[in-house]
Amino acid sequence: MKIAIPMESDKVCPHFGRAPYFLIANIDNEKKEIINTKVVENVPCDGQGHGKAVKILIDEKPDVVICINMGGNSMENLSKRGVEIYTCETDDVDECIKLYLEGKLEKLN
């Protein structure tokens, strides 16, 4: 399974479309642990790159996006492609993944 998280610096970015980059975490479903991660740049990230963010993630084929906030258009476009979207109130990336794997996050779609 692939989880995508919008990030800035080493924290979860509070707004999906304006994130400078995305963390893509490959998860071992049986062991419920991270196998590996990679960082994908959100280009261009000028505060108006919302459509680009969705396209970038579609190319990465995540199963799940964990975010603090996401606009309706982005949510609709990802949902159409079968991506599940969850919200996390903390900006700690590791904590967001842990809470998701424990089934403790709210599903938005």
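Use the structure listed above.
A. Layout of the environment of K32. Here K32 is to be found in the loop between strand 3 (21–28) and strand 4 (33–41). Considering only alpha carbons, one finds K32 and K52, 20 residues apart in sequence, at a separation of 30 Å. For K32, the residues in contact, after removing those within four places along its chain, are I27 and L101. A polar contact is formed between the side chain of K32 and the backbone oxygen of L101, at a distance of 3.4 Å.

B. Main features of the packing of aromatic side chains. Overall, the coordinates contain two aromatic pairs when judged by the stated rule. Centroid distance F16 to F22: 5.4 Å. Interplanar angle 50°. Geometry classified as tilted. A relative accessible area of 0% places F22 in the buried class. Centroid distance Y86 to Y100: 5.1 Å. Interplanar angle 70°. Geometry classified as edge-to-face. Pair noted here: Y86 is in strand 6 (residues 84–87) and Y100 is in helix 3 (residues 93–101), with a separation of 14 residues, a long-range link. Across the pair, exposure class does not vary: Y86 and Y100 are buried alike.

C. Examining unusual backbone geometry more closely. Non-glycine residue S9 carries a positive phi angle of around 55°. Phi is positive for K61, which is not a glycine, with a value near 55°. Looking at the element boundaries, K61 is found in the loop between helix 1 (50–60) and strand 5 (64–67). Overall, K61 belongs to the exposed group, its relative accessible area being 63%.

The rules behind these values
Residues numbered from 1 in each chain as written. Predicted model: local features only at pLDDT ≥ 70, side-chain atom pairs only at ≥ 80, totals over all residues. Heavy atoms only, no water. Helix = DSSP H or I, 4+ residues; strand = E, 2+ residues; numbered from the N terminus. Contact = heavy atoms within 4.5 Å. Polar contact = N/O pair within 3.5 Å; in protein donor to acceptor, adjacent residues only side chain to side chain. Phe/Tyr/Trp six-rings, centres within 6.5 Å; stacked < 30°, edge-to-face > 60°. Buried < 20%, exposed > 50% of the residue type's maximum accessible area, 1.4 Å probe, protein only.

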